[in-house]
Amino acid sequence: MQTDTIANQVNQLQATFSTGVTRDIKWRLAQLKQLKLMLLDHEAAFLAALKTDLNKSEQEAWTSELGFLVSDIDHSIKHLNSWAKARKVSTPMFVQPGKSYLLPEPLGTVLIIGAWNYPLQLVLAPLVAAIAAGNCAVLKPSELSVKTAELLALYIPQYLDKLAYQVVTGAVVETTELLKHAFDHILYTGGEGVGKIVMRAAAEHLTPVTLELGGKCPCIVDSTTDLSVSAARIAWSKWMNAGQTCVAPDYVIIEKAFLSPFVAALKQKINEFYSADASQSADYGRIINARHFARLSAYLQDQDVLVGGNVDADNKYIEPTIVLNPSADSPLMQEEVFGPILIILTVENIHDAIPFINSKAKPLALYLYTKNTHFEHQVLSHTSAGSVGINDGMMFMANPNLPFGGVGNSGMGAYHGKFGFDTFSHLKSVLKRSFLFDVALRYPPFSQSKLKMLKKLL
Ligand code: NAD
């Protein structure tokens, strides 16, 4: 790694931003269209890279990465003009005559650091927002998703303005070097530990951060639910990408009496989705690398495995697995699983789920499967989470009108759709006064009568 290369890249982007070229809405739209073209022109290459990195099937790769991004770009292109417009707000009587509005302005040069599990989406969705808002950006894809990072480094310069967008590949050394520079915003996706490193480095420059972190996402399944549909949705959201999804359900809480039918229904869905032997299914993913494989395999030691449990180190394969009631001090309950092991915790009464969830760090996502609207209200009003999915898993990600981000230990800030545009914008407050009616009440010399009048007005 060349320290001066990174410095030159950042300086170049900052110089570009200061020319004002990225402020032009037509220019932003052109860059967004180019990004879409890049994805469509090289769809086959990206799908192959995702297959190599994570054994992602074409359908999964399309829905959660390429297609997701194409629709994100289309949504941004469609709404950019209205997002970028001045946002009028009301003006109180004592500031009349006048007009008040918020004027979105780009922040400058931003840094986007991605994680490996959705290696295209997690770098390019923030980029879509950064471009739409008129920023220059450095992209730092995860070094663990090797092939996808290579393709991003190859194609981004061919499609986007190189003076405004740069890709820096590499690992800790390169990211550490990048973090020494004064960016105008950093959006980081990844684990909590590195999130703290990023935030510490950002503090040196008073750079604002968006931290898209993880954690253990709970899933409450109440016995009133539609068992078959719930099992399908839980299995889909858990074993997509072999469980390596930040918003995958980490543990399910159910009543003891509901355990047997629930596990039977889940097992049936696993068989339907991936056949009796998931290692032979073209639609089932693999663990990203040997380190994560070893971490996940170790979780299974001394556990009550209800379903699955087979592993194959040579192929980094871990079967869809269900584990019952691991002890509270086991690594499985202490750490985010981030793999294809679903924990089931049984309780006497489903209402016990609420204090249990509240005894843990605030999750990125919380799921509830129920037909009981009273219980739904209780869960919503007595727990905290970045997002909540009621009767489905992860589908809130597909709605660009919902912001995506964590709360507490699961992160800060949010993006997607207009929320992404706002994350990478400063909403500048503007008040424009008229020269008419220049009432002298606020000017010295002050008097009791002026003060009395002001007290009435304010
Ligand atoms: P990772 O190992 O790919 O790391 C993320 C990024 O941090 C990479 O670009 C990497 O180069 C960089 N990095 C690693 N070590 C660093 C260091 N010491 N200094 C500076 N930069 C460093 O990803 P990960 O951390 O394994 O990601 C998994 C976690 O991310 C899970 O907790 C998961 O829940 C979370 N996640 C969150 C989201 C979200 O959108 N909220 C999405 C995906 C993953």
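A. Region of the structure containing the site of the ligand. Of all residues adjacent to the ligand, which total 27 residues, the nearest are Lys 140, Ser 142, Glu 143, Leu 213 and Glu 336. For the ligand, the accessible surface in isolation is 850 Å², of which the surrounding protein chains cover 90%. Where the shell around the ligand is concerned, the elements lending two or more residues are α7 (172-178), β6 (185-189) and α8 (192-204). Within the shell around the ligand, the residues separate by chemical class into 15 nonpolar, eight polar and four charged. Both of domain 1 (3-213 + 408-430) and domain 2 (218-402) provide at least three residues apiece to the shell around the ligand.

B. Just a nonpolar patch on the surface, in detail. Taken together, the side chains of Met 93, Phe 94, Met 453, Leu 457 and Leu 458 define a hydrophobic patch exposed on the protein surface, amounting to about 540 Å² of accessible area. Positionally, Met 93 belongs in the loop between β1 (87-89) and β2 (98-106).

C. Local environment of the domain arrangement of the protein. Here the domain parsing of the protein yields domain 1 (3-213 + 408-430) and domain 2 (218-402). Facing the 24 residues of domain 1 at the interface are 23 residues of domain 2. Taken together, the two surfaces of domain 1 and domain 2 that pack against each other cover about 1900 Å², and 55% of this comes from carbon and sulfur. Linking domain 1 with domain 2 are zero salt bridges, by the criterion used here. Applying the counting criterion to the domain 1 and domain 2 interface returns 10 residue pairs in polar contact (both at pLDDT 80 or more). Elements supplying a minimum of two residues to the side of domain 1 that touches domain 2: α3 (43-54), α4 (58-84) and α15 (417-423). Looking at the side of domain 1 that touches domain 2 residue by residue, the classes come out as eight nonpolar, 11 polar and five charged.

Analysis parameters
Residues numbered from 1 in each chain as written. Predicted model: local features only at pLDDT ≥ 70, side-chain atom pairs only at ≥ 80, totals over all residues. Heavy atoms only, no water. Near = heavy atom within 4 Å. Areas by Shrake-Rupley, 256 points an atom, 1.4 Å probe, with all protein chains shown as cover. Helix = DSSP H or I, 4+ residues; strand = E, 2+ residues; numbered from the N terminus. Nonpolar A, V, L, I, M, F, W, Y, C, P; charged D, E, K, R; others polar. Domains from an automatic or database assignment. Patch = residues over 30% accessible without salt bridge, like charges linked within 9 Å, V, L, I, M, F, W, Y side chains within 5 Å. Salt bridge = Lys/Arg side-chain N within 4 Å of Asp/Glu carboxyl O. Contact = heavy atoms within 4.5 Å. Buried area = accessible area lost by both parts, 1.4 Å probe. Polar contact = N/O pair within 3.5 Å; in protein donor to acceptor, adjacent residues only side chain to side chain.

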